[in-house]
Amino acid sequence: MKKNPDTEVDDERIATIIERVLQAEQDKLHLKNPRGIRGEIEKLIREEVE
Amino acid sequence: MEFDILKIKNFRQYYSGQSVEFSQDDEENVTVIHGANGAGKSALRNTFLWLFYNEVDLPQPKHIANERAMAQADVGDRIRVEVELEFDHEERHYWTERWAEYEKQANDDLDGELVDEGAHVQYRDVDGKTVTPENPNTSLERFIPERLSHLFFFHGEEIDQLSREDNKNKIRDAIRNLMGLEILERSIRHLEWVQKNEFGEEMEEYGSEELTEYIASLDGKQEKLAEREDRKEDIQQSVVETKSELESVKQRLRELEGTRELQQERDDLEEREEQLRDEIDEINDSIRETCSEDGYLVFSMPAVQKTAEALEEKRKKGEIPSEIKERFVDDRLEMGVCICGRDLDVSTEPYQNVKNWKKKAGTNDLDQAATNITSRLRGIAGSRSELFDEIEGDLGERRERLDEINEIAERLDEISEQISEKEKEDVKELERRRGTLEERITNLNQDKKRVENEIDRIEDQISEIESNIEEAREEEEKSKKARRRYLAAQRAREELEAKFESYQDQVREQVDKKVKDIFGEIISKNYWTEIGEDYSLDVFKEVGGRSELVSAVPTSTGERQVASLAFIGALTYLTREQYRSNQDNVYFQGGVYPMVMDAPFGYLGTEYQRGVSQQIPTLADQVVVLVTEPQWEAEVKEHLERTAGKQYYLEYHDPDEEEEIEYEYTEIRVEE
C-alpha cells in the first residue's frame, strides 16, 4: 500500500510511543487512584508526533 | 523486595517498642514467628498492611493504639503509634514509616482520638545518594499493589478461598497485574480513548474543504485583476495618443492666420483653468486638515454650554468663588477670637457657630479649579468661532476660483464657436476634431478612474482571500498533525492488542504449568490443578479413569489451601525469574516479593503439612511464617527448622493470669 507522507509515522517512532505509554502505565499501575494517565499519553504522543 | 527489620511501637497489643529482624540468608531464608492464638500474629501481619496501605484487616479497625499505653497516659496526653520497616527493593535501601498520634479524651478512654498521622519514605540509591520522595503514601502504595496484598500478606485459614468459584476474579487480577497483562490492557484502553476523543475531535475541528475553495477563488480574482490592469494600460496608452493628436490639432490652429490669436487665448485660459483647479485642490486639503484637527469643537459645544451654564448657576448662587475660605475659619478657631472680637473657647456655642462656617466655606483648590474650567470653556467657545471663520474663509476662496473657472468655460465655448464660424473648411474640421479629442480624453479618464476603482476593490478582495488562505493553511496543518497523531495512537494500540492476544494465552499456560508443578510437589496423590480459560483455579482428581473436580467439594479445604499456596508461589517464582532475567520488557518487568504467611498450616493434615513445609522456603526469596505451637509439630518443625534463619516468640501477657498487669500486651522475644 502506498504510504502517505503527510500522515505516516515511522516504525521507530511508534515503538518509542509504545514504550513510553507502557512506562507511564507501569508508574501508575499500583496506585489506588491513578490520575491523569490519559493526559500523559496524549502529551507524549504530541511530543513524539510533531 | 527483601525485609531487613520491622520496628513496632504501641501498635495494637505491641506495647512500647518491639522489633523483628528478618533472616536475609540465602539458605536459611525463613523467619519463623511463634505465637499462641490471640498472641498477636494477625496484628503483626497487619503492621505491613497498615504501613503500606494505612488499612488493617482486624476486628475494631479504628482501635490502633495500644491499650496499656493509653491506660497509662493522662487525659490530654498523646500516644504515638509507629510502624517502621527497613528493606531493600530494586537496588535501593528503604526506610519507611507510618505513624499516628491518639489523644486520650477521658480517664476510661482506651482508643483515643486520632489527632495527627503521617508517613515517611526515604531511600539510598545505588550511588549512595539519599532521596526523600515528596509523596510517601504514593511511594508506599507502589511496592505491592493493595488489591494483591492478600497474596503476599496472607492468612492461611482464609487462603483456600482463592480456589473457590467466586474468587476467580482475584486469580485473574493477580495474574494480569503481576504478569504484565494489566499494563497492556490499560494501555490499549487509554490509547483508544486518546486516539478518538483527543486527536479524532481535533481532526474534525480543523479539517475542512475551505482551503481548496479559497485557492480557486484567489485564482479567479488574480485573473480578473490582470485583465483590469491590462485595460488600464490600454486606456493610458489611448490617453497619450489622443493627447498627442490633440496637441497636433492645437498646433495647427496656432499656425493658421485666422485662428492664431483665438488659439493663443484658449491656451492661456486652459493654463489658467489648470492653475485654478490646482489651487482648489490645495484649499480642499486645507479644509480637510482644519476639520481633522479642530472638528471636535463643533460636536463638543452642547457639553461645553451645559457645563458653562452649571458653573454660571453656581456663581449666581454665590457658591463659587466662596466668600469665606476654609483656611480663614481654621485660623480664627486657632486664634480663639472671632472677627467680632468674641472669645472662641472650645465647647462653647460661639466656637461651634464659627466652626459650622467650615461647611459653607470653599477651598482654594475648588475655586481655582472652577476658575480654570470657566477659562477653558471660554477658550473652547473662542476656538470654535475661529474654526468657523477659517472654514468660511477657505470656502469663500474656493467659490471665487470656481466662479473664475465658470467664466473661463464660457469664454472657451465662445472661442470654440468663433473658430467654428470661420469660413475655411479645414479650420472648421480642425475645431470639430479638437472637440472630439477633448471629449475622448475626458471619457478615457473617466474609464481609467472606474478601472482603477475596480482594481482597488479586487486588490482588497485578494488581500482578504490571501489572509483566509493563510489561516486555512494553518488549520490544515493542524488537521494533518492531528491525523498523524490519531494514526500513531491507532497503530500503537493495534500493536499492543496483537501483543496482548498472543501473550495472554502464553501467560495463562505459564502460570498453569508452574502451579501444577508446585502443587504436585506438595500433594503426591492423583490430584492436579488447572487454571481455566475463565481464570478459575480448580483441583481435579482422577477417579476411575476420568477427571473429577474436587475443589468444589466442601471437605476439600486442604487441597484448596495447597492449590492457593501453589498459585501464590507460582506467581512469586515467575515474577522473580522475570526480574532476574534482565529481559527488556516494559510491561512485564517482574519483581522479587517476600511472603508473609499467617498460619499457613491451618487446615492441613500431616501429609500436606510436610509437603507445604518443604515447599515454603522455595516459594520466595524471603518467607515469614507465623505459627501456633500445635502447628509447629513433628514434620513442620523438622523441615522448617532447617531453613529458619531467625525465630521469634510472641510473649502474650494476660491480665487474667498476671495479677500485676491490668491490660493485655505482647512482647517479641528472640529465640535464644
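1. Concerning the overall build of chain A
For chain A, the helix and strand inventory stands at two helices and zero strands. Residue burial in chain A is summarised as follows: out of 50 residues, 24% are buried.

2. Focus: the overall build of chain B
For chain B, the count of helices and strands is 17 helices and 15 strands. Expressed as a percentage of the 672 residues in chain B, the buried residues total 27%. Of the contacts made within chain B by residues no fewer than 6 positions apart, 70% connect residues no fewer than 24 positions apart.

3. Some words on the sheet that holds strand β9 (residues 527–531) of chain B
Residues and elements named next belong to chain B. Read from one edge to the other, the open sheet built from three strands follows the order β9-β10-β11, with strand pairing classed as antiparallel. For this open sheet the edge positions go to β9 and β11 (546–549), each flanked by a neighbour on one side alone. Adjacent strand axes in the sheet meet at a mean angle of 40°, parallel and antiparallel pairs treated alike.

4. Focus on the interface of chain B and chain A
With 28 residues of chain B at the interface, the matching set in chain A holds 24 residues. Contributing elements (two or more residues each) for the side of chain B that touches chain A: α3 (136–143), α7 (181–206) and α14 (425–522) of chain B. For the side of chain B that touches chain A, the class distribution of residues is twelve nonpolar, four polar and twelve charged.

5. Notes on the packing of helix α1 (residues 11–28) of chain A against helix α2 (residues 37–48) of chain A
Two quantities define a packed helix pair, namely the angle between the axes and the distance from one axis to the other. All names here are of chain A. Two elements in contact, α1 and α2, have axes separated by 10 Å at closest approach and are oriented at 155°. Considered as vectors, α1 and α2 are oriented roughly antiparallel to each other. Crossing hand, α1 versus α2: right-handed. Two secondary-structure elements touch here, α1 through Arg13, Thr16, Ile17, Arg20, Val21, Ala24, Glu25 and Lys28 and α2 through Ile37, Glu40, Ile41, Leu44, Ile45 and Glu48. Split into classes, the residues belonging to the contact of α1 with α2 amount to seven nonpolar, one polar and six charged.

6. Remarks on the pairing of strand β5 (residues 92–103) of chain B
Residue and element names in this part refer to chain B. Sheet topology note: the strand β4 (residues 78–89)/β5 ladder contains twelve bridges and is antiparallel. Bridge assignment links Arg78 to a residue of β5, and that residue is Glu103. Pairing geometry for β5 and strand β6 (residues 113–124), over eleven bridges, is antiparallel. Bridge assignment links His93 to a residue of β6, and that residue is Arg124.

7. A short note on the pairing of strand β12 (residues 595–598) of chain B
Residue and element names in this part refer to chain B. A two-sided burial pattern is seen for β12, the buried positions comprising Met595 and Met597 on one face and Val596 and Asp598 on the other. In the sheet, strand β8 (residues 153–155) pairs with β12 via three bridges, with the strands oriented parallel. When the sheet's bridge partners are listed, His155 is paired in β12 with Asp598. Bridge analysis of β12 against strand β13 (residues 623–627) gives four bridges, and the strand direction is parallel. Bridging from a neighbouring strand, Asp598 pairs with Leu626 of β13.

8. Quick notes on the nonpolar core
All names here are of chain B. In terms of nonpolar packing, the biggest core is built from 110 residues, with Ala566 and Val625 touching the most fellow members. Looking at this core element by element, the count peaks at eleven residues for α14. Not counting the four nearest positions on each side in its chain, Val625 is found in contact with Val30, Val32, Met597, Pro600, Ile616 and Leu640.

9. Side note on the environment of B:Ser547
Residues and elements named next belong to chain B. Within the secondary structure, Ser547 sits in strand β11. Judged by the 12 C-beta atoms lying within 10 Å of it, Ser547 is exposed. Taking the C-alpha atoms as reference points, Ser547 and Trp528, separated by 19 residues in sequence, lie 9.6 Å from one another. For Ser547, the residues in contact, after removing those within four places along its chain, are Phe540 and Glu542.

10. A short note on helix α6 (residues 168–178) of chain B
Residue and element names in this part refer to chain B. Listed as buried for α6 are Lys170, Ile171, Ala174, Ile175 and Leu178. In a view along the axis of α6, the buried residues occupy a sector of 130°, so they form one face of it. In the core, the buried residues of α6 are packed alongside α4 (149–152), α7, α14, β10 (537–543) and α15 (557–581).

11. Focus on the packing of α14(B) against helix α16 (residues 606–619) of chain B
All names here are of chain B. The interhelical angle for the contact between α14 and α16, taken along N-to-C directions, is 130°, at an axis separation of 8 Å. Here α16 runs oblique to α14, going by the angle between their axes. Here Ile518, Glu521 and Ile522 of α14 come into contact with α16, specifically with Tyr608, Gly611, Val612 and Gln615. In terms of residue class, the contact of α14 with α16 is made up of four nonpolar, two polar and one charged.

12. Topic: the confidence of the model for chain B
Residues of chain B with pLDDT of at least 70 account for 95%, and the chain-wide mean is 88. For this predicted complex, the interface confidence reaches an ipTM of 0.93, while the overall pTM sits at 0.64.

13. Observations concerning unusual backbone geometry
All names here are of chain B. You will see that Arg12, though not glycine, has its phi angle at about 50°, which is positive. Here Arg12 shows up in the loop between β1 (2–11) and β2 (14–21). Positioned with a positive phi, Glu91 is a non-glycine residue whose angle comes to about 65°. Relative to the assigned elements, Glu91 resides in the loop between β4 and β5. Judged by local crowding, Glu91 falls into the exposed class, with 8 C-beta atoms found within 10 Å.

14. Remarks on the environment of B:His93
Residue and element names in this part refer to chain B. By secondary structure assignment, the location of His93 is in strand β5. Sequence-wise, His93 and Tyr123 are 30 residues apart; in three dimensions their C-alpha atoms are separated by 5.4 Å. Ignoring any residue separated from it by four or fewer positions in sequence, one finds His93 in contact with Asp88, Tyr123 and Arg124.

About the thresholds
- Residues numbered from 1 in each chain as written.
- Chains lettered and ligands numbered in written order.
- Predicted model: local features only at pLDDT ≥ 70, side-chain atom pairs only at ≥ 80, totals over all residues.
- Helix = DSSP H or I, 4+ residues; strand = E, 2+ residues; numbered from the N terminus.
- Buried ≥ 20, exposed ≤ 12 C-beta atoms within 10 Å, placed from the backbone.
- Contact = placed C-beta atoms within 7 Å.
- Pairing = 2+ DSSP bridges.
- Axes fitted to C-alpha atoms, helices over the stretch in contact; angles between N-to-C directions.
- Nonpolar A, V, L, I, M, F, W, Y, C, P; charged D, E, K, R; others polar.
- Parallel < 35°, antiparallel > 145°, perpendicular 65-115°, else oblique.
- Left-handed = near helix turned anticlockwise from the far one by under 90°.
- Core = buried A, V, L, I, M, F, W, Y, C linked by C-beta atoms within 7 Å.
- Arc of directions from axis to C-beta.
- pLDDT = per-residue confidence, 0-100.

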